[in-house]
Amino acid sequence: PGSDAARSSPRDTLGTDVMRLCSIVIHPIKSCGAIALERARVERRGLAHDRRFLIVDPAGRFVTQREEPRLSRVRVAIDGPAMEVEAPEVGRVETPLDPEQGELVGAHRVTVWRSTLEVPEVPRLSSFFTHVLGRPVRCVAMTRAAHRAISERHARPGDEVSFADGYPLLVASE
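Residues numbered from 1 in each chain as written. Predicted model: local features only at pLDDT ≥ 70, side-chain atom pairs only at ≥ 80, totals over all residues. Heavy atoms only, no water.

Asker: What is the right way to look at the overall build of the protein chain in this model?
Answerer: Counting secondary structure elements, the protein chain contains two helices and 11 strands. Overall, the protein chain shows an N-to-C arrangement of helices and strands of α-β-β-β-β-β-β-β-β-β-β-α-β. For the protein chain, the spread of C-alpha atoms along the three principal axes comes to 60 × 40 × 30 Å. Burial statistics for the protein chain: of 174 residues in total, 40% are counted as buried. Considering only contacts in the protein chain between residues 6 or more positions apart, those separated by 24 or more positions represent 49%. Approximately 10700 Å² of the protein chain is accessible, and the part contributed by carbon and sulfur atoms is 51%. For the protein chain, the separation between the mean place of its 25 positive charges and that of its 24 negative charges on side chains is 3 Å. (Helix = DSSP H or I, 4+ residues; strand = E, 2+ residues; numbered from the N terminus. Buried < 20%, exposed > 50% of the residue type's maximum accessible area, 1.4 Å probe, protein only. Contact = heavy atoms within 4.5 Å. Areas by Shrake-Rupley, 256 points an atom, 1.4 Å probe, with all protein chains shown as cover. Lys, Arg positive; Asp, Glu negative; His and termini not counted. Charge placed at Lys NZ, Arg CZ, Asp CG, Glu CD.)

Below you can see the structure in the form of structure tokens.
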């Protein structure tokens, strides 16, 4: 006997509450459409393909839905080794999901929160997002050569994160 809440919570064999994973979601391009997955590979920087691309302004500062709500209308899909990106009134563009398999240009200094790093541009996506937002922006990629450390207060030396806000994995409760 117990409360309804206690009966509805999953319990392990010792009778203590356990966590249940309800969904797995990635955002290949930070602040654009999410992709729900049935399973995911956890890598050093987080889930595979999660937040490996980032939109930045001409000064290299990251651009998100917080300031550009139009990004919420950008849909992203994975088709084998390709990433398809689509936005109303702009159309669709395809690029390799692995940024190192596509065209990369230069080394651009970008800032995500308090982190600054140098990463290459993906010209095809830069052009696409410049049209979506109606202003000049770049889309840059997190390549294997790029390194973004996690705050030393909350990590071990050498821990890294992609373009996510601060940590490789985000766990949210329902």
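Asker: So what exactly am I meant to see when it comes to the nonpolar core here?
Answerer: Among soluble globular proteins, nonpolar side chains are generally buried collectively. Of all hydrophobic cores here, the largest spans 26 residues; its most connected members are Ile29, Ile55, Val74, Val85, Leu125 and Phe129. Where this core is concerned, the elements lending two or more residues are strand E1 (24-26), strand E5 (53-56), strand E7 (82-87), helix H2 (123-133) and strand E11 (138-141). The leading source of residues in this core is H2, at five residues. Ignoring anything within four residues of it in the chain, the contact list for Ile29 reads Phe53, Ile55, Val76, Met83, Val85 and Phe129. In this structure, Leu54, Val110, Val119 and Met142 belong to the second largest nonpolar core, which totals 11 residues. (Core = buried A, V, L, I, M, F, W, Y, C linked by side-chain atoms within 4.5 Å.)

Asker: Help me understand the pattern of salt bridges in this model?
Answerer: In a structure, side chains of opposite charge can pair up when their charged atoms sit close to one another. Counting across every chain of the model gives 17 salt bridges. The partner of Asp165 in a salt bridge is Arg66, and the shortest N-O contact between them spans 3.4 Å. Taken as a pair, Asp165 in the segment after E11 and Arg66 in the loop between E5 and strand E6 (75-79) lie far apart in primary sequence, 99 residues in all. Salt bridges here are not isolated pairs; linked through shared partners, they connect Arg61, Glu67, Glu68, Arg70 and Arg135. (Salt bridge = Lys/Arg side-chain N within 4 Å of Asp/Glu carboxyl O.)

Asker: How should I be thinking about the pairing of strand E10 (residues 115-121) in this particular structure?
Answerer: If a strand is regular, its side chains alternate between the two faces of the sheet. Of all the seven residues making up E10, five are buried; the element is thus mostly covered by neighbouring parts of the structure. Here strand E9 (residues 105-112) pairs with E10 via six bridges, running antiparallel. Bridging across to E10, Thr111 finds its partner in Thr116. The turn linking E9 back onto E10 is made up of two residues, and Trp113 within it adopts a positive phi angle of 55°. (Pairing = 2+ DSSP bridges.)

Asker: Would you mind showing me how to read the side chain of Glu84 here?
Answerer: Here Glu84 lies in strand E7. One polar contact links Glu84 to Arg92, side chain to side chain, over a distance of 3.0 Å. With sequence-adjacent residues up to four places away left out, Glu84 is seen in contact with Arg75, Val76, Ala77, Asp79, Arg92, Val93 and Glu94. (Polar contact = N/O pair within 3.5 Å; in protein donor to acceptor, adjacent residues only side chain to side chain.)

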